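Single-letter residue listing:
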Amino acid sequence: MIVTRFAPSPTGYLHIGGLRTALFSYLWAKKSGGKFFLRIEDTDKARNSVEAAEAIVRAFEWLGLSYDGEVIYQSSRDEIYAKYIKQLLDEGKAYYCYMSKEELAELRETQMAAKERTMYNGKYRDFEGTPPEGIAPAIRIKAPQSGTITVKDRVKGDVVFNALDILDDFVIARADGSPTYNFVVAVDDALMGVNEVIRGDDHLSNTPKQIVVYEALGFEIPNFYHVPMIHNHDGKKLSKRDGATDVMEYKEMGYMPEALLNFLVRLGWSYGDQEIFSMEEMQELFNPKNINKSASIYNTEKLDWLNAHYIKNSSNAELAELLTPYDLILTSHDKKEILLDVIKERAKTLKELAELAKEILETPTVYDEKAVKKAFKEDSIEVLNAFGAKLTKAEELHLPSDYHQIMEEVVNEMNIGFGKIGQPLRIALLGKLSGPGLDSVMAIIGKNETMLRIAQAIASHS
RNA sequence: GGCCCCAUCGUCUAGCGGUCAGGAUCCAUGGUUUUCAUCCAUGUUACAGGAGUUCAAUUCUCCUUGGGGUCACCA
């Protein structure tokens, strides 16, 4: 059974890059009926926050990503880590290090001056004397000092590291007793049965350290998939300064979860020429073997296109529901079908969709000057009056075609082109020269509102 | 700087020795539309460079260049 996890550190909101690895992990587990866990890496008490952890959970909720069991907080697993640290100590695979911060800094400086690699010098590795007084020791693990460590990465291939180049006896527990990242990651993944680790590229160079822990503890090493980074326009790692990187910002901007997920799944992964993936298709088709090796640049042009696609293909009932946060009560509007049919073809975001609806539903308060100048001529008033007169007499106006028929009659009787009525009428109804079909607009707002808008336009332009 | 990773249209990508190098997006043009949007059609744009291997390299190998990541008692 495939067991994956998403393990963010709660130092901020859920990041777009993090969401992608979460999605990959989620899909890979769900595809085969496996497990997907959410684990909060909050071992650094100084930097993590409860709010951040909650924000991540909320983002998962919005996107409809579910995880198995409860959220796991590393901060509540201290006894477990303590137990394994003790085991390592007892077996002589780890040891207390009494090097002070100052001493460590000094060592680093000397090494830098000598252009050597900065690393722990192993001073207390085989120490047997009496430790110095007044220093709370950290605990270091005995890492191999020669040979190689191979990360069998399923995305990058085998990556061979020389122990001499990258390893030293790294700290697994701080002086205050709290365990460090590379240690807890390995312990938790092993204990939780995680056998497929999908995570960001930036963790590749940590992996040898984690392998050291796995081996020291006798745990089975999982399969690793190091997914390339998502870069900004400058080709750098995506950071908070690069505009919208908080997943929830996309909700605010009016993006649908389906669109965001579809967008993200295609960033660094592909399935032939297919661009559109429903959640079901993602789960069915996703396979990490098709993950790209190279980084991709974050560019939301395609997200807009996808969002528009999902809006167009949503049912009117769904859209009416999604618009309620925008102060639009359409669920019970008698013309909501016509309204949503015409606006959903035109919006890239739900926010735009709401604005388009309001443009139709609300009586215009201003008229676009350029439009008036261009299309509201002397004879326009005459045409609008003729149209208004016919409208007054007409009964049973419901469908767009009912209104269209009246427009046609006016055009025929006055022997004018369609533009002669369409343009000024558009200004009267919407205050500008662009927008949905007028027959639909009138059908939506009804006869009375149509007459009112015509009268108002004539009054303010004669 | 050490170590590691990466390299096809502007962007997301297909390609797994022989292809007119495909799709999507963006952009442009045309059609549809009273308008705008949608939709449809068409078009512009790419294998970083250099050596090999091979009958044949975008594809395999090496080098160069460029980009990125990582080097904590952060995660």
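Throughout this description, residue numbers start from 1 for each chain and increase along the sequence as written. Written order determines the labels here, with chains lettered from A and ligands numbered from 1. Only residues with pLDDT of at least 70 get local features here, since the model is predicted, and only at 80 or more are side-chain atom pairs given and counted; chain-wide, interface and lining totals rely on the full set of residues.

**Looking at the environment of Leu89**
Applicable threshold: For helices the rule is a DSSP run of H or I covering at least 4 residues; for strands it is a run of E covering at least 2, with both sets numbered from the N terminus onward. Between the buried cut of 20 or more and the exposed cut of 12 or fewer other C-beta atoms within 10 Å of a residue's own C-beta lies the partly exposed class, and all C-beta atoms are placed from the backbone. Contact definition: two residues whose C-beta atoms, as placed from backbone geometry, lie within 7 Å.
With respect to the element layout, Leu89 can be found in helix α3 (residues 78-90). Leu89 gets classed as partly exposed once you count the C-beta atoms within 10 Å, which come to 16. Here the alpha-carbon distance between Leu89 and Ile458, two residues 369 residues apart in the chain, equals 89 Å. Setting aside its immediate chain neighbours within four residues, Leu89 contacts Ala94 and Ile139.

**A closer look at the domain arrangement of chain A**
Stated precisely, the cut-off is as follows: Just so you know, the domain bounds were taken from an automatic or database domain assignment.
When its domains are assigned, chain A resolves into domain 1 (3-75 + 230-297), domain 2 (77-227) and domain 3 (363-461). Spacing between the C-alpha centres of domain 1 and domain 3 amounts to 49 Å.

**Side note on the protein's contact with RNA strand B**
For clarity, the cut-off: By definition, a residue lies near a molecule or strand when the C-beta atom built from its backbone is within 6 Å of it. Polar here means any residue other than Ala, Val, Leu, Ile, Met, Phe, Trp, Tyr, Cys and Pro, which are nonpolar, and Asp, Glu, Lys and Arg, which are charged; Gly is therefore polar.
Not every one of the 61 residues close to RNA strand B is listed here, only the nearest: Ser9, Glu41, Lys237, Ser294 and Gly422. Elements with a contribution of two residues or more to the surface near RNA strand B: α4 (101-113), β7 (157-162), α5 (163-166), β12 (296-297), α11 (301-312) and α18 (418-430). Classifying every residue of the surface near RNA strand B gives 19 nonpolar, 21 polar and 21 charged.

**Details of helix α17 (residues 400-414)**
An α-helical turn contains 3.6 residues, so any two residues separated by three or four positions project in the same direction. Rule in force here: By this rule the span expected of a helix is its residue count minus one, scaled by 1.5 Å. Relevant arc is that of directions from the helix axis to the C-beta atoms, nothing else.
Between its terminal C-alpha atoms α17 stretches 21 Å, which fits the 21 Å expected from 15 residues at 1.5 Å a residue. Every buried residue of α17 is accounted for by Pro400, Tyr403 and Val410. Buried residues along α17 cover an arc of 90° about the axis, so they all sit on one side. Along α17, the residues that are exposed and aim more than 90 degrees away from the buried face are Ser401, Asn412 and Glu413. Those residues of α17 that are buried are in contact with α13 (336-343), α16 (378-393), α18 and α19 (438-461). Two residues or fewer past α17, Asn415 is found with a positive phi of approximately 55°.

**Concerning the nonpolar core**
Note the cut-off: Here, a nonpolar core means buried Ala, Val, Leu, Ile, Met, Phe, Trp, Tyr and Cys residues linked by C-beta atoms lying within 7 Å of one another.
Counting residues in each nonpolar core, the largest one holds 112 residues, and the members touching the most others are Leu23, Leu323, Leu339, Leu353 and Ala357. Counting residues per element, this core draws most heavily on helix α1 (residues 16-31), which supplies nine residues. Residues within four places of Leu339 in sequence aside, it is in contact with Leu330, His333, Ala357, Ile360 and Ile444.

**Section: the sheet that holds strand β1 (residues 3-6)**
Applied cut-off: Should DSSP find at least two bridges between two strands, the strands are regarded as paired. Simply put, an axis is a line fit to the C-alpha atoms, just over the touching stretch for a helix, and the angle between two N-to-C directions goes from 0 to 180 degrees.
Taken together, three strands build an open sheet; the order of strands is β1-β2-β3 and the sheet is parallel. Each edge of the sheet is formed by a strand with only one pairing partner; in this case those strands are β1 and β3 (72-73). Alignment of strand β2 (residues 35-40) against β3, held across two bridges, turns out to be parallel. From the neighbouring strand, Arg39 faces β3, where its bridge partner is Ile72. With respect to the sheet, α1 is in contact with β1 and β2, its orientation differing from that of β1 by roughly 160°.

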